[in-house]
Each structure stands twice: as C-alpha cells, then as structure tokens.
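# Fold and contact review
Single-letter residue listing:
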Amino acid sequence: MDIDGGVEETVRELRQYFKSGKTKSVAWRKNQLTALLDLVHENEDAIFKALHQDLGKHPVEAYRDEVGGVEKSVNKSLNYVEKWMAPKKADYSISFLLLISLFSFYTDIPILFFPAKGEVLSEPLGVVLIFSSWNFPIILALDPLIGAISAGNVIVIKPSEQAPACSSFLANTIPHYMDSNAIKVIEGGADVCERLLRQKWDKIFFTGSPRVASIVMSAAAKNLTPVTLELGGKCPAILDSLPNPSDFKLAVKRIVGGKWGPCSGQACIGIDYLLVEEKFSSALIELLKKIIRRFYGENPVESKVISRIINKQHFERLCNLLKDPLVAASIVHGGSVDEENLFIEPTILLDPPLDSQIMTEEIFGPLLPIITINKIQGSIDFINARPKPLAIYAFTKDETFKRKILSETSSGSVVFNDTMVQFLCDTLPFGGVGQSGFGRYHGKYSFDTFSHEKAVMHRNLILEIEPRYPPWSKFKLEFIRLAYKLNYFGLLLHMLGFKLGLKRYN
Amino acid sequence: MEYSVEALGRDLKNMRKYYGSGKTKGASWRESQLKGLHNFLVEKEEEILSALKQDLGKHYVEAFRDEVGTLMKTLNFATNSLKKWMAGKEAKLPQIALLSSAEIVPEPLGLVLIISSWNFPFGLSLEPLIGAVAAGNTVVLKPSEMSPASSSLLGTVLPTYLDNNAIKVIQGGPEVGEQLLQQRWDKIFFTGSAKVGRIVMSAAAVHLTPVTLELGGKCPALVDSLSASWDREVAVKRILVAKFGACAGQACIAIDYVLVEKSFSSTLVTLMKDWIKKMFGENPKASNTIARIVNKKHFMRLKNILTDPKVKESVVFGGSMDQNDLFIEPTILLDPPLDSAIMAEEIFGPVLPIITLEKIEDSVEFISSRPKPLAIYAFTKNKTLQGRMVSETSSGSLVFNDAILQYIVDTLPFGGVGECGFGKYHGKFSFDAFSHHKAVARRSYLTDFWFRFPPWTLNKLQLLEVSYNLDYLGILLVLLGLKRSKRSIFQACN
C-alpha cells in the first residue's frame, strides 16, 4: 500500500464511500462477515504459518486463542446483527389517570407526552481506525473489525509492525475477500501511525500499551474523536487453600495454562503474578514444576509448544528483569534463556522484592513471581495498593472471600477458579478500568462500541399542553410542578380548579 | 475562591481515602445523597429561581420548568430505580459452559470531575451529579463562573445538604479549571463548548481518564408545509419556545436555524411574528418571558454577527438590542448568506435565521452536508420524509413535531455524535456513565476442558473446533473417535 500522501486520500475515499450509504444495509454487513469467515476458513494454514513465524505459536494454541475465537465471533455477529440493528423502544405509557395515581405507577415517558413514541436507533459512526497489537495479531485485528462491520462502518486496520508476517497476511488477504472500498489495511511503523493519527476519524479503537494509548487519545482529542483503549496491567492470581487435592491440581493446571499458555505470558489478560499463603508455597511450586513438565516437556525450547518472545527488544527487557541480583536469587525454577531463538523457559520466582521492576511493571513474558502473604485475605489490600488490572483471577471456594474480592477490588473483569475464559464469553463486556483502559467489546458490545445510539422521538401535533409556554401564570407553574411529579390525580384536581397550596412568588 | 494547589491535592487525596473506605458504595449512602439533593431543591427553590433570575434573567416559571422541575423528576426516577441499577445482571452462557456462570456487576469509578456550563447552571451540574452519586462515586463539581449567583449557591449552600467528605463544589474561573484538569480523575464529565472540550480531553489523555463530552452544534429545525391551521399553530409555538423560550436560545439543544420551503416561508414568518407577540408579550424584556444574554462578551458576539450588512438586511422581525440590560429581542432573519458567521457558527442566542429551500426534501442534503448536530427537529407528517431523516442524517437525537422535549425523557440517551460530543446520560444512562461494568465469570472444578491445555494432539484441536462451533454432536463424534480431520498443517508443525 503506497503510503506517501496516500493516507489522506485513502481516508477521503473511505468517507465518500461511507456517505454513499452502501455499508449501512444488512446485506452488505452480512456479506462482509461471511467473506471474513471464508477468509479464515480458506487460509487457516497461512494464518498458522504467519503466527508461527512471528511468535513461534503452535497451531493448536493459534487455533485456540485466535482462529477459533474469530470464527466464533463472526458466527455470533452473523446470527445477531439484524437484531442488534433493530430500533429499541424506550418504554412509553398509555395509561389511565386514576390507575396511575392509585398505583403510583411511574412511567417512562409520562402521559404528558401521550401519544409519543421514543426509540433508540443504532447507526454507524462512519470512518473508524483500528490499531491492533502484536501478541494476538489476528484476533486483535479481526475481532474489532467484526464489530465495526456489523455496525456498518468503513474501516482502516493498522496491524502491529512488530508481527510482520501477520501484518502482511492481513494486508494481502483482506482485499481479496472484503469490499476494499470500505475496508483497508495500512501497514507500517511509528511514522505511519503518526500520519494516521493526524486524520479525522469517527472512532479509534486501540489495543496496546498505556504509553502509546496516551499518544492516541491526545491525537483523538484534537478532533473530539471517541476512543476505546484496551490496555493491560499486572493481572494477579490469588490462590486460596483448596483442601481437596484434585481441586488444587486443577487450579494449578489452570494457572499454568493461564500464565504460559497464551503467547508465553505476553497477553494482556495473562496471569502476571500469583499471591498465595506462605504455608502453601512449596507444595504449589512442586506442582507447578510438575505441570510445566507435563505440558511443555523436559525441554520446552525443543518441544516447540511455548511461543517465543516477539523480538530482541522485548527479549532483552525480560532478561533485564532477571538481572537484579535479588530477583535472580529468588528464581526457584527455570531462568535459562536462548538468545538466538528468543526463547525464555517458564520461570518461577519466589518473593522477589516488591519494589523491583519485575513487580512494578507489567511483565508480559514467561516469568511468574509468587508472592507469599500471611493470610490470603491480605491479597485484597495488596491488589488495591496497585493500579487497577485488566483481570483478577481468584482460585477459592470461600463464598465470603469471593464477595469481598468482588466488592472491594476493581478490575476489568474477575474470574473465579479459572483464567482467560472471560475472553471467550461474548455476553461479557471485555475491557478495562483505570490504567487498564476504558470502553469494551465482544459480542453486542463490539457492535455498540462502533455505533452511535441515536434517540428518536415521535410526537404529534394533535394534543397540546399549554402550560409549557408563556405567557406565565401561577396556574401554569403548578401544572408543571404536578406534571413533573407524575402526579396525575393532582393534575386533574388542579385543572378542575382545586387549589393545592400554591407557592407565592413576587 | 482561592484554592492553592497543595490544598487541592490534599483534598483530593482525602476524598480518595474516603472512597477507599467503601462508604459511598452502600445503597443507603447513595439514597441519602439523593435525598439531600431533593431537600436542597425543595427548601432552596426560591433561592435557586432567584439566582437564575440574577444570572440569566430567567422568569421563575421558565427556570422551574427547565431546571428545578426536571431535576426533581430525575431524582424521583433515580431514587425509585437505584436498587435495580445497582444489581448485577446475569450474562447468558451457552450449554457447553456447564456449571459455569457469568454476570455483569456495576461498580463506581472512584473520584469523578463534573464541569458544567452557565446556561442551565443547576440542571447541567446536578443531572450528572445525580448519576455520579447514584453510581457510588466521590465527586468534585466545578460550576461555571459565568453564572456567579448560581455557582455561589451551589458552592456555599448545596454542600450543607450533602456528605462533604465525598462531594465538593469548587468554584472559580479558567485557572481553577486548569488546575483541576491537571489532577488524576477516574472520569471527567464535561458540558460546554467544543473548544474547551478539546482541552479537557487532551488533559484526560495524560492519565487515560475516560470522558463524556456534552457539546453543542447548530441544531436545525425543518418545517414542512403543514396544511391544517391547528398543526401550523402548534408547530410554530413549539419552535418559538425552543428558540426563544429556553434561555433565549442559549441552549445546546435549542433550535439554531429553520429550514422551510420557499412557498411556505411567508406563512411561517407571519405566524411566528404573531405568536411571538402572543407568547412573549409586547414587552418581553419587562415581562421576563425571554431570558437575558449571559454577559457582555456574548452580547457583543451576537451583536457582531448581525452587523454584517447582508445579514442585517435579511432581518424581517425584531433586531433591537439593549446593551445595558444585555437584552436582545426575538429576531428573525430570512435567508442570510450561507457563508456568513451566523450560518457558520453556533448562534446561541435569540436570533433565528430562516433558510428557504426549493423543496423541503432538500433539507436532508443541507443537514447531512454540515457537522452532525446535537439534535434535529423535523416538523412534518410526511412518513417518507421522516424515514429519510432517520436513515440519511445523523445527530445526537432526532425529534419529530416537537423540540427540546427529549431532554426530559429518562429512557432516551442524551448525548452527541461527531462534533457535538460523545457519551450519554439521563436516567440509567447517567448511572452507567459513572460506572464500570465489571465482567465476572465463575467456574467449577467439576468440569474440565482438558483439550485447552498441551501437550497438543490432533484430537484436542478437533475438540476445540467443534466446541467453538457449539457443535455438540461433533463433540460427541470426536470423543468417540468418529470424526476425521482434514488438517495437514498439524503434521507439518509437529
């Protein structure tokens, strides 16, 4: 895609196409969604290959975390898009004066507006920009795309240049399947991002780091463009005592799956660190080692089951986290790295210093600090003393503790006794709070995030209520007062001339 | 009121601590604050109406209709609905998610900042405040210094009705605004101009603070050629009230200009002149049926847009201005030049341009070729035209055969799109604007989807596939070893 001077032209063309109204029809939206499904089905091998090239992802992991998820999202949207597009009625009342006053029935559009019809209609925002990240380069580009298409927009996707094979795949394949007047993929690095951010968009959807998010939002502010920011954070896992040994085993299995499973820990909702009571730490570590061996074999580098680190820069960043002598001393498993293959083996640390970098920054890698605390209830204060994370994972069967976690902590999401599954539930909003971002998507939330919900009110000219207008009188004031209280009976009395202690005004 | 940076920082820290204590999260605290707001409105009604008279020359009935009454309605609605809003909502999961459950639980954002405008100083301060408090947040309210009597009442009297540890009113001008914007908030709710909206959003970007921007725009009203005289009268009255009767046109959802077919325009103008006299009287300045301009700066701004000679000669009614009283009488213009300032900027005053078109259907193109407005008002009974307005224009809201009324409907979202802002409030939307809807998933140890985890086999891949497709029969077949897989890549990667 020719970049020079092309970005402005591209956006102009997209806007023109949007204005033609083509993307608003149900048929267009369903066509595009079907085309996307075909794209994924027919190019599965190419997708696996690209993910393997960029991140060393095993095809089953790639299917589980990216391809399968996209298929599920497209199917959901295809089934529901018409329902989502239908106007939603804002309840109105056709009620009887006496009935209302007798039952203190509160109505939504008071009878004062009878007859009136109110509804909320979703319409596309227009020209939207989607920035996706490098760790799940396929689903983080396509999931928002699905939402934007369902909502009837025209779209530019800017995939991360740090996953070049996937970026290339999207740029080369999407134009062959989808309406290239409406959906464009623009590849490139920071300079391309800058150029894109100088344009006027109707919405920007960003997945990435807080640092870049701030840049995106500042640029958006110039045009008053609404944004959704899907960021990350240090997602903690809490492990309570689980006396039943099979529960404990399953919990630790899920923890291993939630730390090293998704892209070797390079995931916004991956477990960052683990909180556990001192007395359980050794049993936990033993079991973690066992399960790591079971999942990834004796030699994880060779087994090719775990993804590698995305690039040299992040590899060095992660190695540096381990250089701090106090941190290095806390390693109880793993720690070996393979610079040539950008591979770091699953590493467990026991109580590294809380002020070390590994405990202050988002790790985004296969290093798991275990922090021991006196009583597990203390994890609430521990978590609250830190920025709000995208997810909290709590392995506990204690209902009181669960309630406390829910009401006393804040995070994008909370999962009890598992990890990562909230990502798959398309009836759950997926998004952050505080430092982990704002806005949400998945399922209908994707549709909504790329829509404007327009309020439409129909009134007629038949029934008129004089008291709305000047010239003013005390009668009109009382009428309005009673009307706002939805006090229809009082209104009736008022109109019949019964005085109800009118206030005096000068 | 002088507020040092240290004092501000200290106060906010204490407010965050108070929020951390969890006091504002309980339903009883929220109800008590809503009650406090209610008592403020009831007990201080006279003072409120008096402040509005002082700041904007609003007649007490207009002030009650537009600010006090609306707030009481909103408070009733919020108080009655609070428990429902606070309750979590179940999120349905497919059958495959055996023994799992999911729900969405609203929680407050924390410490929020509300910046309100001068034209409806009570309404625009307290409507968002109601939402913020109902959602369990701690709040700083910054009313506009351009409506000083109202700001003062809010700053000195309102706090006596509320929990001061959790809700503070900070008065002041732009410097105070700047200071506030440098702090870290969990949400900023802003009502005002696009120019300041940009400043607010840029400041919010530093801390990644979510914002709601309620801005303005040129809200058009199109008037179809109505044949019945009753219809015409009703339409004209509603238009006049929405232009001149709500803060003298200084309202974000006021009608900015009118579009009408050439053939109907003279009828319309005659009716308007007639009804202006009937509704606002012979001397609206004396009778207060029309509010004042808020200050000299805005008065001069309006005066200036009328000095353009081409604009001046299009005046067909009114036009007189009293600089001492900051009063402008209802003024109607017929076809001022489309490139004049009056047709390019938001008017925000009692000056009404009427633009004539060949056919009323041309209004669709006229409106959609301009920035999206906060509201579009279409006075027409023509179903085809109505349909075109719905599908071919975009605006915050669209109202047929009336104007401004959408502001008081609690079940309709109130907010803009494009240049007129983003985010929405009123009713439950207010509660949502100040909440984080937390996703909660619960799993059991009794069901284990073992195929989620390595070591990887073709069988696990197949199971993942049929599971994602909710192909329950397929799951069975794979488990029984009866489903063939067509994958070759798996072998290549293994």
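### Here we look at the overall build of chain A
The helix and strand tally for chain A stands at 20 helices and 18 strands. Put simply, chain A has 506 residues, and 64% of those count as buried. Of the contacts made within chain A by residues no fewer than 6 positions apart, 71% connect residues no fewer than 24 positions apart. Just so you have it, chain A exposes about 19,000 Å², and 55% of that area is on carbon and sulfur atoms. Considering chain A, the positive charge centre built from 58 side chains and the negative charge centre built from 56 side chains are found 9 Å apart.

### Observations concerning the overall build of chain B
Scanning chain B from terminus to terminus reveals 20 helices and 18 strands. Its C-alpha atoms give chain B principal-axis dimensions of roughly 90 × 55 × 40 Å. Looking at chain B as a whole, 63% of its 494 residues are labelled buried. Taking as baseline every contact in chain B between residues at least 6 positions apart, the subset at least 24 positions apart corresponds to 70%. Between the averaged position of the 57 positive side-chain charges in chain B and that of its 50 negative side-chain charges there is a distance of 7 Å.

### Things to note about the environment of Thr380 of chain B
Residue and element names in this part refer to chain B. Within the secondary structure, Thr380 sits in the loop between β15 (375–379) and α16 (383–392). By relative accessible area, which is 0% here, Thr380 ends up buried. Excluding its chain neighbours within four sequence positions, the residues that come into contact with Thr380 are Asp224, Leu226, Leu385, Gln386 and Asn401.

### Regarding the confidence of the model for chain B
Mean pLDDT over chain B works out to 94, with 98% of the residues at or above the 70 mark. Scored by ipTM, the complex comes to 0.96, with pTM at 0.95.

### What about the side chain of Ser117 of chain B?
As for its placement among the helices and strands, Ser117 of chain B is situated in the loop between β3 (111–115) and α5 (123–134). Ignoring any residue separated from it by four or fewer positions in sequence, one finds Ser117 of chain B in contact with Leu124, Ser144 and Thr191 of chain B.

### Description of the pattern of salt bridges
In a structure, side chains of opposite charge can pair up when their charged atoms sit close to one another. Throughout the structure, instances matching the rule amount to 53 salt bridges over all chains. The closest approach of N and O atoms between Asp418 of chain A and Arg254 of chain A, which form a salt bridge, is 3.8 Å. You can see Asp418 of chain A sitting in the loop between β16 (413–416) and β17 (437–438) and its partner Arg254 of chain A sitting in helix α10 (residues 245–259), a full 164 residues away along the chain. Arg254 of chain A matches Asp418 of chain A in its accessibility class, with the two residues each being buried. A salt bridge links Lys73 of chain B to Asp410 of chain B, with the nearest nitrogen and oxygen atoms 2.7 Å apart. A residue pair is termed long-range when its members are at least 10 positions apart, and Lys73 of chain B in helix α4 (residues 60–86) and Asp410 of chain B in the loop between β16 (397–400) and β17 (421–422) qualify at 337 residues. Summarising the burial analysis for this pair, Lys73 of chain B and Asp410 of chain B share the class buried. Salt bridges sharing common partners tie together Arg254 and Asp418 of chain A together with Arg443 and Arg452 of chain B.

### With respect to the side chain of Ser150 of chain B
All names here are of chain B. Turning to its location among the elements, Ser150 is positioned in helix α6 (residues 148–156). Under the relative-accessibility criterion, Ser150 is labelled buried at 0%. Residues contacting Ser150, with those up to four places away along its chain left out, are Ala51, Leu52, Asp55, Pro121 and Phe122.

### Points about the sheet that holds strand β6 (residues 187–191) of chain B
Residue and element names in this part refer to chain B. One open sheet accounts for 6 strands, arranged β5-β4-β3-β6-β7-β17; its pairing is mixed. Among the strands making up the open sheet, the edge pair consists of β5 (167–169) and β17. The sheet contacts of helix α1 (residues 5–20) involve β3, β4 (138–142) and β5, and relative to β4 the element is tilted by about 145°.

### Considering the nonpolar core
Of all hydrophobic cores here, the largest spans 170 residues; its most connected members are Leu145, Ile174, Leu239 and Tyr393 of chain A. Once residues lying within four places of it in the same chain are set aside, the contact partners of Tyr393 of chain A are Cys235, Pro236, Ala237, Ile238, Ile269, Ile271, Val415, Asp418, Thr419, Met420 and Gln422 of chain A. Core analysis: the second largest hydrophobic core is formed by 116 residues, Ala134, Cys247, Leu271 and Val399 of chain B among them.

### Here's the deal with the sheet that holds strand β2 (residues 101–108) of chain B
Ordered in space as β10(A)-β13(A)-β14(A)-β9(A)-β8(A)-β15(A)-β16(A)-β18(B)-β2(B)-β1(B), the 10 strands form an open sheet in which the pairing is mixed. Either end of the sheet is taken by a strand with one partner, and the two such strands are β10 (331–333) of chain A together with β1 (89–91) of chain B. Pairwise comparison of adjacent strand axes, ignoring direction, gives a mean angle of 25° for this sheet. Direction of pairing for β2 of chain B relative to strand β18 (residues 435–442) of chain B: antiparallel, over a ladder of 8 bridges. Counted as the bridge partner of Val105 of chain B is Lys438 of chain B from β18 of chain B. Of the strands in this sheet, β8 (236–239), β9 (273–277), β10, β13 (347–350) and β14 (367–373) of chain A are in contact with helix α11 (residues 281–296) of chain A, which crosses β14 of chain A at around 160°.

### Some thoughts on helix α9 (residues 210–222) of chain A
Here α9 of chain A is 13 residues long and its end C-alpha atoms lie 19 Å apart, about the 18 Å a rise of 1.5 Å per residue gives. Those residues of α9 of chain A that sit buried are Ala213, Ser214, Val216, Met217, Ala219, Ala220 and Ala221 of chain A. Buried residues along α9 of chain A sit in contact with β3 (127–131), α8 (190–197), β6 (203–207), β7 (227–230) and β17 of chain A together with α8 (194–207) of chain B. Directly after α9 of chain A, the chain includes Leu224 of chain A, whose backbone phi takes a positive value near 55°.

### Some thoughts on the confidence of the model for chain A
Mean pLDDT over chain A works out to 91, with 91% of the residues at or above the 70 mark. In the predicted structure, residues 92–109 of chain A sits below a pLDDT of 50 and forms 34 contacts with residues beyond four places in sequence or in another chain.

### A word on the environment of Glu465 of chain B
All names here are of chain B. Looking at the secondary structure, you find Glu465 in helix α18 (residues 458–468). According to the relative accessible area criterion, Glu465 is buried, its value standing at 19%. Residues Glu465 and Ile475, spaced 10 residues apart in sequence, show a C-alpha to C-alpha distance of 8.8 Å.

### Remarks on the pairing of strand β14 (residues 351–357) of chain B
All names here are of chain B. When you tally the buried positions in β14, you get 7 out of 7 residues, the bulk of the element. Of the two faces of β14, both are covered, the one formed by Val351, Pro353, Ile355 and Leu357 as well as the one formed by Leu352, Ile354 and Thr356. Note: strand β9 (residues 257–261) against β14, 4 bridges, orientation parallel. Bridge pairing in β14 links Val260 to Thr356. The pairing of strand β13 (residues 331–334) with β14 spans 4 bridges and is parallel. Across the sheet, Leu334 pairs through a bridge with Ile354, a residue of β14.

### Digging into the packing of α10 of chain A against α11 of chain A
Residues and elements named next belong to chain A. Look at α10 against α11: their axes get within 9 Å of each other, and the N-to-C directions meet at 60°. With respect to each other, α10 and α11 are oriented oblique. The two elements α10 and α11 meet at a crossing, and its hand is right-handed. Packed against α10, whose contacting residues are Phe248, Lys249, Val252, Lys253, Ile255, Val256 and Gly257, the element α11 presents Ala283, Leu284, Leu287, Leu288, Ile291, Ile292, Arg294, Phe295 and Tyr296 at the interface. Across the contact of α10 with α11, the residue classes break down as 12 nonpolar, 1 polar and 3 charged.

### What about the interface of chain A and chain B?
Each partner contributes residues to the interface: chain A has 120 residues there, and chain B has 114 residues. Where chain A abuts chain B, roughly 9,600 Å² becomes buried across the two surfaces, and 62% of that area is made up of carbon and sulfur atoms. Three residues, Leu224, Leu461 and Tyr484 of chain A, lead the burial of chain A against chain B; their summed loss comes to 10% of the area buried on that side. On the surface where chain A and chain B come into contact, there are 8 salt bridges. Linking chain A with chain B are 47 residue pairs in polar contact (both at pLDDT 80 or more), by the criterion used here. The leading source of residues in the side of chain A that touches chain B is helix α4 (residues 59–85) of chain A, at 10 residues. Residue composition of the side of chain A that touches chain B, by class: 55 nonpolar, 30 polar and 35 charged. Pairing of strand β18 (residues 451–459) of chain A with β16 of chain B involves 4 bridges; the strand directions are parallel. Opposite His458 of chain A, over in β16 of chain B, you have Phe400 of chain B as the bridge partner.

The rules behind each value
- The numbering scheme is per chain: residues are counted from 1 as the chain's sequence reads.
- To label them, take the chains in the order written and letter them from A, then take the ligands in the order written and number them from 1.
- In view of the model being predicted, local features appear only for residues whose pLDDT reaches at least 70, and side-chain atom pairs are presented and counted only at 80 or more, with totals across whole chains, interfaces and linings using the full set of residues.
- Computation of side-chain values covers all heavy atoms of the structure but excludes hydrogens and water.
- In DSSP terms, a helix is any run of H or I states spanning at least four residues, a strand is any run of E spanning at least two, and both are numbered starting from the N terminus.
- Under the scheme applied here, a residue whose accessible area is under 20% of the maximum for its type counts as buried, over 50% as exposed, and between as partly exposed, the area being computed with a 1.4 Å probe on protein chains only.
- In this description, contact between two residues means that some pair of their heavy atoms is separated by no more than 4.5 Å.
- To be clear on the numbers: accessible area is Shrake-Rupley with a 1.4 Å probe, and residue cover counts the displayed protein chains and nothing else.
- Charge counting follows a simple rule: Lys and Arg are positive, Asp and Glu are negative, and His as well as the terminal groups are ignored.
- Just so you know, the charge point we use is NZ for Lys, CZ for Arg, CG for Asp and CD for Glu.
- Confidence of the predictor in every single residue is expressed as pLDDT, which spans 0 to 100.
- When a carboxyl oxygen of Asp or Glu lies within 4 Å of a side-chain nitrogen of Lys or Arg, that pair is called a salt bridge.
- Two strands are counted as paired when DSSP detects at least two bridges linking them.
- What counts as an axis is a line fitted to C-alpha atoms, over the stretch in contact for a helix, and the angles between N-to-C directions run from 0 to 180 degrees.
- Side-chain atoms within 4.5 Å are what join buried Ala, Val, Leu, Ile, Met, Phe, Trp, Tyr and Cys residues into a set we call a nonpolar core.
- Expected span of a helix: the number of residues minus one, times 1.5 Å.
- An angle counts as roughly parallel when it lies under 35 degrees, as roughly antiparallel when it exceeds 145, as roughly perpendicular when it falls between 65 and 115, and as oblique in every other case.
- The crossing is said to be left-handed when, going from far helix to near helix, the turn is anticlockwise and less than a right angle, and right-handed when the turn is clockwise.
- Residues were grouped as follows: Ala, Val, Leu, Ile, Met, Phe, Trp, Tyr, Cys and Pro as nonpolar; Asp, Glu, Lys and Arg as charged; and all remaining residues, including Gly, as polar.
- We define buried area as the total accessible area lost by two parts upon association, computed with a 1.4 Å probe and summed across both.
- The definition of a polar contact used here is a pair of N or O atoms within 3.5 Å, where within protein one atom must be able to donate a hydrogen and the other to accept one, and adjacent residues in sequence count solely through side-chain atom pairs.

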